[in-house]
Each structure stands twice: as C-alpha cells, then as structure tokens.
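Results of the structural survey
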Amino acid sequence: MKFKRKFLAIPYVIFLVGFVIIPVLFIFYYAFTNKAGQFSFENVEKFFSDETNINVLLISLVYAIFNTLICLLLGYPIAYILANKKYNRSPILYMLFIMPTWINFVIRTSATRDLLNWIGISTGSMSSITTMIGLVYNYLPFVILPLYTTMLKIDTYQLEASYDLGANKSTTLFKVLIPMTLPGIISAATMVFMPTLSSYVISDILSEFNVVLFGSYIDLYFNQANWNFGSFMAFIMLCLILVSVLISRKSEKGNEGGSVL
Amino acid sequence: MNEDIILELVNVNKMFDDSDSYAVENINLKVKKGEFVTLLGPSGCGKTTTLRMIGGFEIPTSGKILLNGKDISDLPPNKRPLNTVFQRYALFHHLDVYDNIAFGLRVKRIPYQIKDKKGNLVTKYRKYTKDEIDNKVMHALKMVDLEEFEGRSVNKLSGGQQQRVAIARAIVNEPEILLLDEPLGALDLKMRKEMQLELKEMHKKLGITFIYVTHDQEEALTMSDSIVVMNDGCIQQIGSPTDIYNEPKNAFVADFIGESNIYVGTMVNKKKVKFLGAIWDCVDDFDINEKVDIVVRPEDIVIDPKAKGEVKGILTNKIFKGIHYQYTCMIGKNEVTIQSTIDYEINKMVSISIEPDLIQIMEREYNSNTYQDGYIDRDNNVVFANACFECDITQLLKGSFINEDGYLVSKENKIYDLNDADVIVDVDFNDIEISDNLEDAIITGNIIQIIWKGDHYQVIVRTEDEEDFIVNSEYTWNENDIVSVNIKKENIKLKLKGDISKYEI
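About the criteria used
Residues numbered from 1 in each chain as written. Chains lettered and ligands numbered in written order. Predicted model: local features only at pLDDT ≥ 70, side-chain atom pairs only at ≥ 80, totals over all residues. Heavy atoms only, no water. Helix = DSSP H or I, 4+ residues; strand = E, 2+ residues; numbered from the N terminus. Buried < 20%, exposed > 50% of the residue type's maximum accessible area, 1.4 Å probe, protein only. Contact = heavy atoms within 4.5 Å. Areas by Shrake-Rupley, 256 points an atom, 1.4 Å probe, with all protein chains shown as cover. Lys, Arg positive; Asp, Glu negative; His and termini not counted. Charge placed at Lys NZ, Arg CZ, Asp CG, Glu CD. pLDDT = per-residue confidence, 0-100. Buried area = accessible area lost by both parts, 1.4 Å probe. Salt bridge = Lys/Arg side-chain N within 4 Å of Asp/Glu carboxyl O. Nonpolar A, V, L, I, M, F, W, Y, C, P; charged D, E, K, R; others polar. Polar contact = N/O pair within 3.5 Å; in protein donor to acceptor, adjacent residues only side chain to side chain. Pairing = 2+ DSSP bridges. Axes fitted to C-alpha atoms, helices over the stretch in contact; angles between N-to-C directions. Core = buried A, V, L, I, M, F, W, Y, C linked by side-chain atoms within 4.5 Å. Expected span 1.5 Å × (residues − 1). Arc of directions from axis to C-beta.

Concerning the overall build of chain A
Looking only at helices and strands, chain A features 12 helices and zero strands. Listed by position from the N terminus, the elements making up chain A come as α-α-α-α-α-α-α-α-α-α-α-α. Referenced to the eigenvectors of the C-alpha coordinate spread, the extents of chain A come out at roughly 70 × 65 × 35 Å. Counting only residues that meet the buried cut, chain A has 42% of its 261 residues in that class. In chain A, the share of contacts with a sequence separation of at least 24, taken over all contacts with a separation of at least 6, comes to 71%. Total accessible area on chain A stands at roughly 15,000 Å², and carbon and sulfur atoms take up 70% of it. In chain A, the 17 positive side-chain charges and the 13 negative ones have mean positions that sit 15 Å from each other.

Overview of the overall build of chain B
The helix and strand inventory of chain B stands at eight helices and 35 strands. Over its C-alpha atoms, taken along the principal directions, chain B stretches across nearly 100 × 70 × 45 Å. For chain B, buried positions account for 49% of its 505 residues. Counting only contacts in chain B whose residues sit at least 6 apart along the sequence, the fraction spanning at least 24 positions is 65%. Summed over its atoms, the accessible surface of chain B is roughly 25,600 Å², and 45% of this surface lies on carbon and sulfur atoms. Within chain B, one finds 60 positive and 85 negative side-chain charges whose respective centroids are separated by 9 Å.

Comments concerning the confidence of the model for chain A
Per-residue pLDDT for chain A has a mean of 86; in total, 95% of the residues score no lower than 70. Confidence over residues 254–261 of chain A falls short of pLDDT 50; this stretch has 14 contacts with residues more than four positions distant or in other chains.

A word on the interface of chain B and chain A
Contact with chain B, which involves 19 residues of that partner, is made by 17 residues of chain A. Carbon and sulfur atoms supply 60% of the area buried between chain B and chain A, which totals about 1,700 Å² over both sides. It is Asn-78, His-94 and Phe-103 of chain B that lose the most area in chain B upon contact with chain A, and together they represent 31% of the buried surface on that side. Run the count over chain B and chain A and you get one salt bridge. Between Glu-160 of chain A and Arg-52 of chain B there is a salt bridge; the shortest N-O distance is 2.7 Å. For the side of chain B that touches chain A, the elements supplying multiple residues, two or more each, are β6 (82–85) and α2 (97–107) of chain B. Ranked by the residues each element gives to the side of chain B that touches chain A, the list is headed by α2 of chain B, at four residues. Looking at the side of chain B that touches chain A, its residues break down into nine nonpolar, seven polar and three charged.

Observations concerning the side chain of Arg-297 of chain B
Residues and elements named next belong to chain B. As for its position among the elements, Arg-297 is in the loop between β16 (291–296) and β17 (301–304). Here Arg-297 is buried and forms no salt bridge, its nearest opposite-charge partner Glu-299 lying at an N-O distance of 5.6 Å. At 3.4 Å, the side chain of Arg-297 forms a polar contact with the backbone oxygen of Ala-254.

Brief notes about the sheet that holds strand β23 (residues 369–376) of chain B
In a beta sheet, neighbouring strands are held together by backbone hydrogen bonds and run either parallel or antiparallel to one another. Residue and element names in this part refer to chain B. With antiparallel pairing, five strands are arranged side by side in an open sheet as β25-β24-β23-β29-β35. Only two strands of the sheet have a single neighbouring strand rather than two, namely β25 (387–389) and β35 (493–496). Ignoring which end each strand starts from, the neighbouring axes of this sheet average 35 degrees apart.

Thoughts on the nonpolar core
Counting residues in hydrophobic clusters, the biggest one holds 43 residues, and the most contacted among them are Cys-71, Val-143 and Leu-147 of chain A together with Phe-92 and Phe-103 of chain B. For this core, the elements supplying multiple residues, two or more each, are α3 (51–83), α4 (92–98), α6 (127–152), α7 (156–164), α8 (169–180), α9 (182–198) and α10 (201–207) of chain A together with α2 of chain B. Excluding residues within four positions of it along the chain, Leu-147 of chain A makes contact with Leu-72, Gly-75, Tyr-76, Ala-79, Gly-184, Ile-185 and Ala-188 of chain A. Grouped together as the second largest cluster of nonpolar side chains are 39 residues, Leu-105, Ile-133, Leu-157 and Met-202 of chain B included.

Considering helix α3 (residues 130–143) of chain B
Residue and element names in this part refer to chain B. End to end, α3 covers 20 Å across 14 residues, agreeing with the expected 20 Å (1.5 Å per residue, within 8%). By the burial criterion, the buried members of α3 are Ile-133, Val-137, Ala-140, Leu-141 and Met-143. In a view along the axis of α3, the buried residues occupy a sector of 155 degrees, so they form one face of it. Those residues of α3 that are exposed and angled more than 90 degrees off the buried face are Asp-131, Asn-135, His-139 and Lys-142. At its buried positions, α3 is contacted by α2, α4 (159–171) and α5 (189–206). Of the residues trailing α3, Asp-145 is marked for its positive phi of about 60 degrees.

Regarding the sheet that holds strand β27 (residues 408–409) of chain B
Residues and elements named next belong to chain B. Judged by pairing direction, the sheet is antiparallel, and its three strands sit side by side in the order β26-β27-β28 without closing on themselves. At either margin of the open sheet sits one strand with a lone partner, and together these are β26 (401–402) and β28 (415–416). Taken together, the two bridges between β26 and β27 define a ladder with antiparallel strand orientation. Each residue of the ladder has a partner; that of Phe-401, found in β27, is Val-409.

Structure follows, in structure tokens:
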C-alpha cells in the first residue's frame, strides 16, 4: 500500500476518538439517564429545583469573571512592557513571569496557602480573598503569554500615527492599542475564563473548602459515585464553554492572527 | 523676510541612547512657508531622524526646533500642528477608510470663546460635529481621488490606495507642515512617478509646507523647491534642484545627485586647472597649486570624432540608453563617461572638449588623513584611531637613533623618553592599504563611501570607534564591506606636539 500524507493523522484521530469524542458521549449518556440506566430528565429537575446548585454555578461564574478581569488588568501592562524593547532588553524578565508554571501545581498552591497564612491573610476567615489571589496568581502567566505574542507584532508606527493625529496617551490606548491587540485579549480571556469555571484544587486548598466552585461540586458528586448528576453538571459546563467560545469567535471575526487557541 | 520662515532648526544634534556617535550633527535649517523641501541622502544619513525630530517622535539631544518662532523641541507629537505620512502608511487596520481619515478630526478639540454671565471671555473647547467631519473627510477623499472608497476596509486596498488614504488622513487635519517619510518607497516605479506628480500638484493646491524625506535623487529633483543633501548626519548642501545639480559643493553631492565624472585636479594658474593630463580654462578661482576636486557631468562633454582637439582619448564602450548613447572614453588611465545623442564608432581616437563654465571645481574636503590625538607607546609604536601601528620615531629628530633601552638618542647624545608623547599623525591617501584579509589585521572597519575619481576609487573606511581612514584604491569595493587597514611603517608621518626637549632624560 502506498503511503499517503493523511496517514500521519491516524494516531491523533485514534486519540481524539478515544479521549475526546467517546468521553463526551458518555457525559451525554449519563446526564440524561437515571441510576437504572433509563432515559430521563431526573437530573435536570434535580439541578434546577435546588437553589444551592444554582448558587454554586453563579458563584463560579462570578469568580471566573473577576479572575479574568483582574488577570487582564494586571497582565496587559506587564505584557506591554515585556514586549517593548525600550523597557525590556533581555528575555530574562519574560522568563520570570512564566516560570511559576514550571513548578508543580499542587506544591505551588500549598505554598501559596502557607505564605498567605504566614503574612496574616487567613485562608480560613478570608477564604474568598485567598481564593481570588490564588486564581490570579495561577492564571496570570496564561494571560501574559498570548498578550505578549500579540504585542510583539504591534506596528509601533500606528501608535506614532495616533499621537501624530493629535490623540493623547489614553485615547491612543483605547482607540488604537486595545483594538489592535483585541485578538490577544480574547484568547487570553478564554484561556482564563473557561479553566477557572472548572478548577477546584485552588479553591479547595486556599479556602479550606469554604469556597465551592463548580468544579469541586462536580468532583463531590463523582466521589459519591453519583455519575448521573455529576455528568449533567459537566454537561452544563460544556454548554457554558460553548457559549463563551461562540462569543469570542464572533468578536474575533475580521481580526487575523494573534490567537493562541 | 523673517516672517516667511515657518520652521527653523538651530544647531540640532541627536545621539541615541544606545550609541556613542551622533545620528544627526549640528543641523541648521530654515524652511519657508509653503515650500516643498526635500531631505535627501543615502540610508543612515540622518534624514529620517531629522524628520522624526520635527514631528516630535524624537527629542533632540541639543539644539532648538522653532515653529513660527516658538520653540517646540520638547512638545509631544500630539501638541504639534504637524502631520506625518509614514513610510509604511501605518493605517489603523481595525478601522475602515472613513474612520481612518476621521481619526484626527474626532480627537480634536476646537477652542471657541463665549461670554460668561459676568461678561468675561472664556475659552471653551468643542468637538467637531458629525456634519463637519463628514464634509472634511469627503473633501480629503476627493483630494486624493478616492471618492466612494470610504466604506472599504483598509486591508483590502492596494499599496497605492493605502498611500492615498495615509495622505488624506494627514491633510484632513489641515496641518501647518506636512511631513512625508519616504512615502512612495513601497510603490512600483510607474505608480511612484504618477504619485510624484500628484503630490506636487497637491502641494500647489493645498498651499501648505511639505517636508519630504527620500533617498531617490530623481524624486527630489522632480518635486522639490529646495533640496537638503545629507550624509553622515550632516547637511552637505542646501539649494534649489538646479543649484545642487549644476554646482555641487563637494564630491559627495556630485556623486549622489545624477551621474558625474569626478577627478582630482590642480590649479595651475588663474582660472586654469589641470586634470586628465591637460590644462583647462575654468570660471572658478582658487589658489595656484591648490588641489581641487573637479566634477563634469557626462552630458556636458563634447566628442570630436576628427580628434582635432588637444585632449585625445579612445572610445572603448557604447551603451544605448534610449534618449542618448553612453560612452566610456579612456584618456590615459582615466575613464570619462560621456553622454551624447550622436552615434559614434567605438575603438577610435577622438578628442573631447568641455565649456569652461561646465567644469565645476570644488575645494577638496580632505588632502590626507590627519589624526590629532596620536601618542607613542612604550614599544615606540604609535597609537591612533584606537589602533597601534609600527612606526619610525627617529623621524622626529634628524640623525637620531634608538638605543638598546628603547630610548631615542640624538646626534648630540641627548636621550629622550618618548613614551606617552602626544603626536599628530599624517598618512597620505595612497599609503593606506586595505584588504579583505581580516586575520592579523591591526584594525578593521566598514566601507562607508566609495567615489570613483577617474582612475581610482576614493574609499572611506570607518572603524568601530568612528575613526575614518580615507584610502585611494584601484580596486572595486562595496559599501559596507569589512576591510582591514594596513599602513607601512615608513608611511606614517609623525609630528610631535610641543617641543622635544621636554622629553629629555
């Protein structure tokens, strides 16, 4: 048999089917069946009838939105400075911002907990603050990375053109720089927003289980071997992610490149 | 007279933070209102830096930039009533044509005065209204022949159209001066020629001052009222296109603008100059025996096929160039380029003649390499231009020799310790050898300028420390070649600063 280029795709197709498509089908199956394996809307009813479930979902959304906003506010100027040769002449500074991701996630988060407690921000009594700090600390590199790559490609003459046409610094920021870097902002936002929704290690460790995010909620049900209800919540999350992807796709239209996803 | 001057640069210098030499050195320039001024020069000559300083994107290291008599050196670009057309257009890709052009109008605040309740005049600021913006944008689009393009995305326009949008975006703000940084550089030849004429037309219609940067001498000659020729951060000559072409101030200008034959000559008598092995009448007056540079344009040389004149040579080469033939004539060792519309046979003896007023004589910029800051080191070598050369220090004192301790001994047996003695070093152009063998070189440098002088090239080699060696070479080199510089021991001429007696021991 002659070797064709498309054969190179076989390993990935096998992986895709085994680890993405089949598990997603499993989620669908479990979400809409009861424990006896019969098709039912039992889980839908159960989820929307209990206020706690809705609250957990809303709280998770609030954490995800805040985390995204804070990361963007912090990461945007950092990425700008890192990508600007005038301020940053060596790649070392950039490495320093990316380096936390090289350390084991669980160790890093535990260390954050100890550090916060040590400086007096108690993970027990100020758990929402510590969770937020942990989330921002953890996701900041993922914001800096796509923003940095976008900013490297900035045409600085466009910024000069803006000043030349009479715009001051803030007008240039809002009317030129941010629109120019929008693709980077969108991919940065998606890289933070979606994983925050499903994260649970950070909130568990840094809030001593006071803050329950949607991810830990799902984990809770799976641990109790309630596959059906857990799957239904995973299904809801899938829907949320789908919506956020659609939104980012739409706003990305017309802008080429810059996206990491 | 002074009211006509819209922009004045006074002793402007610019040194970039990451370099230790001046990118722009001591620029003095006056621009008249409504003038079309071109800054012309090879890449790296400081023309763009000068324009960027006028635009406010660079702050001069020293010196003043005066706009209508007011110092604007430290004003940011958005506070200057100037607009720039950038080299690569720098259009906003997230905006369409209309919004690109309207950008400047939308951020602008127009002052107006009203009387408050107490009857005092108060200055307030307002935005342009939608209708005002609409009118101005449409007018600008018409100006650049892009009517009905307002809704297009700038990414879908051709290079020439993008260029027009960039011009419209600048002129819509009615700047006092329009700065153009090689705006036609990215266009193809035909498009460029069209745009040149259109820009000139636009300049006439708008009546505002244009400052234009280009490296294309033809473009400069076509469009400008006044040309500023720059090289190496300095202004070489300022003048009208005709002045610059017909009376170049130095060999660089002559070489850069148009084609030219450049020779080294000597003044032999009043208004008589010797070059190409003959004595010519000329109209310029210099001191007798002074060495001068001579420029003759190829179209100013007349060929006599009967060879009746005094200056004889052989036509060795003929190229048809459309409107004329270009000949190469060998007179002795010297090459002469001649342009003529008449078809002559080649490989025949001819004589040539040149009208006296077409021989342009210029003062020589350099007669030899002189280094003021040389010194003698412990091993009786000389250090200059940050390199150490072997030399013969006995030339400093007639009849002297060096004893075994390395000291200079005079005829009268006086001993001198010349370690660290300051000297002026002089080396003739002909005595420097350059080669592309960089191994065991004493010093290396970049070739920054090559000018053909009839029978040899005059090459300027610049070292990393910004020291120049001017070399006469028979060989062809390329600009930016890295070469090593060698000088024979006996060719280094030394002159002691101060009297030798102070080194006596």
